[in-house]
Amino acid sequence: MTRSNEKNLVVGLAGFGTVGGGLVRLLQENADLVRSRCGRGITLKKVLVRNTAKARAAELPAGTELVTDPAALTDDPEIDVLVELIGGIDHARALIDRALDQGKHIVTANKALLAEEGLDLFRKAARKKRILRYEASVAGAIPIVEALKESLTGNRIHSIMGILNGTSNYILSEMTSNGMEFDVALQQAQRLGYAETDPTLDIDGHDAAHKLVLLIRLAFGVHYPYTALSIRGIRGLSGMDIRMARELGYRVKLIAQAREASGSTQDQVCLEAGVFPALVHHKYLLARVGGVYNAVRVEANAAGSLFFHGRGAGDLPTAGAVLGDLLAVAREERPNNTGYAYSDLPKACIVPREEWHACYYVRVMVEDAPGVLRDLSGCMAAEGISMAQVIQKSDEGQGAPLVLMTHETSAQAMRDALQRAMDAGLLKEPAVYFRVLGGQQGM
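Residues numbered from 1 in each chain as written. Predicted model: local features only at pLDDT ≥ 70, side-chain atom pairs only at ≥ 80, totals over all residues. Heavy atoms only, no water.

Draft legend 1. A look at the overall build of the protein chain. Check the secondary structure of the protein chain and you find 14 helices and 18 strands. In summary, the protein chain has a C-alpha radius of gyration of 24 Å against a globular reference of 22 Å for 443 residues, a match within 12%. Each of the three principal axes of the protein chain carries a C-alpha extent, and together these read 80 × 50 × 35 Å. Taking all 443 residues of the protein chain together, 54% fall into the buried category. In the protein chain, 75% of the contacts between residues at least 6 apart in sequence involve partners at least 24 apart. Approximately 19100 Å² of the protein chain is accessible, and the part contributed by carbon and sulfur atoms is 46%. (Helix = DSSP H or I, 4+ residues; strand = E, 2+ residues; numbered from the N terminus. Rg over C-alpha atoms; globule rule 2.2 N^0.38 Å. Buried < 20%, exposed > 50% of the residue type's maximum accessible area, 1.4 Å probe, protein only. Contact = heavy atoms within 4.5 Å. Areas by Shrake-Rupley, 256 points an atom, 1.4 Å probe, with all protein chains shown as cover.)

The following block contains the structure:
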């Protein structure tokens, strides 16, 4: 491509919702900044929508056309870049495929598409020598994609851990700060527009899991299939466990984490990766991330611990990330879509969830009777689990809550010990248990 400071970058935008409207606004408000940053302007030529008569929050620039036919974007030879903000998988995939076939660069915020079918798209973009950028697909305004793809490439990443879903974090924050139960906090999040009418993707952990797949590719240079991730959300989490965690000096957070397993080598890095609720020590910065904010903690061999924090969603925060990607294309940078010299990433070496090691918070409901703690301790000891702390509360009508904090053990041992206790008739209902992160560290 020949660099020209006189020719504007011409953009076709697919999707004119919250983020699309924010992008249209920023393109106009920051037009002078865009030209000073990259030496050329950005022209929005066409916007793909379902209904051209629908009222829009943002006003289109003069000369921008609303269209309903995807081919009007993909097949227009004047359009240099397709910005895909329609979401979903099938239609978005077809749109991007066609745009790449027509020689266009791609900017997208579609984490689900890139997590589940991204390998093929990266391969195609590499074959076509096209740029595919996706900063807005993970953590909104936080520039974590660029940090892993560019700034931290001189580091070996040991672990990446974060709060990647603002809806779940808002619900947990309200349960922690205001004593709400899960259903009440969810309804409030929906009234405020933080949660969808169908909140499944958020509260069951799938949104965070999609984002984690993208971060694993960038941090470790491997493909970790979305279907192989261990995913557990926060649906139905009890306020009792939130309160117990606070008494112990922890906060419950929905964590997305990938880390090198013991025994990893330079040639083969094996990963423990998943999304799960966890107790995070209050001295961790992650424990203090409230509301709809996101955060990512990176542990690297040269840089040490790094912490990224900011707005994880919203019109302008996400649109600003999209605009940053457009500026990179406008500078006519060489394609660097995966952060590695190759687009066909090897499959990750996956540590089975049963072999993960962690400390655990366990809450069981038991009879308030002599010998119960002794028998429960015997079930733990039979699986090699050592208890660090025990707290027993008075009977609440359905049994006495008993909270155990364990030393490090495997997930399999923990499940087996709790099954022993259930089989022995010690538990009045299935146990609740979460991993525990952090001790005295400040990150």
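Draft legend 2. Here's a closer look at the packing of aromatic side chains. Overall, the coordinates contain five aromatic pairs when judged by the stated rule. The interplanar angle of 55° and the centroid separation of 6.0 Å between the aromatic rings of Tyr360 and Tyr433 together place this pair among those described as tilted. Here the residue Tyr360 occupies a position in strand E14 (residues 357-366), and Tyr433 occupies one in strand E18 (residues 432-437), the gap between them amounting to 73 residues. Aromatic pair Tyr361 and Phe434: ring centres 6.0 Å apart, planes at 5°, arrangement stacked. You can see Tyr361 sitting in strand E14 and its partner Phe434 sitting in strand E18, a full 73 residues away along the chain. Residues Tyr361 and Phe434 agree in their burial class; the two are buried. Lying across the ring of Tyr433, Arg232 places its NZ or CZ 5.9 Å from the centre. It is Arg353 that lies over the ring of Trp356; its NZ or CZ is 5.9 Å from the centre. (Phe/Tyr/Trp six-rings, centres within 6.5 Å; stacked < 30°, edge-to-face > 60°. Lys NZ or Arg CZ within 6 Å of the ring centre and 35° of its normal.)

Draft legend 3. Local environment of the packing of helix H7 (residues 166-178) against helix H8 (residues 182-191). It is the contact of H7 with H8, at a shortest axis distance of 9 Å, that shows an interaxial angle of 125°. Looking at the two axes, H7 sits oblique to H8. Crossing angle aside, the handedness with which H7 passes H8 is right-handed. Across the interface between the two elements, Tyr170, Ile171, Glu174 and Met175 from H7 touch Phe182, Ala185, Leu186, Gln188 and Ala189 from H8. In terms of residue class, the contact of H7 with H8 is made up of seven nonpolar, one polar and one charged. (Axes fitted to C-alpha atoms, helices over the stretch in contact; angles between N-to-C directions. Parallel < 35°, antiparallel > 145°, perpendicular 65-115°, else oblique. Left-handed = near helix turned anticlockwise from the far one by under 90°. Nonpolar A, V, L, I, M, F, W, Y, C, P; charged D, E, K, R; others polar.)

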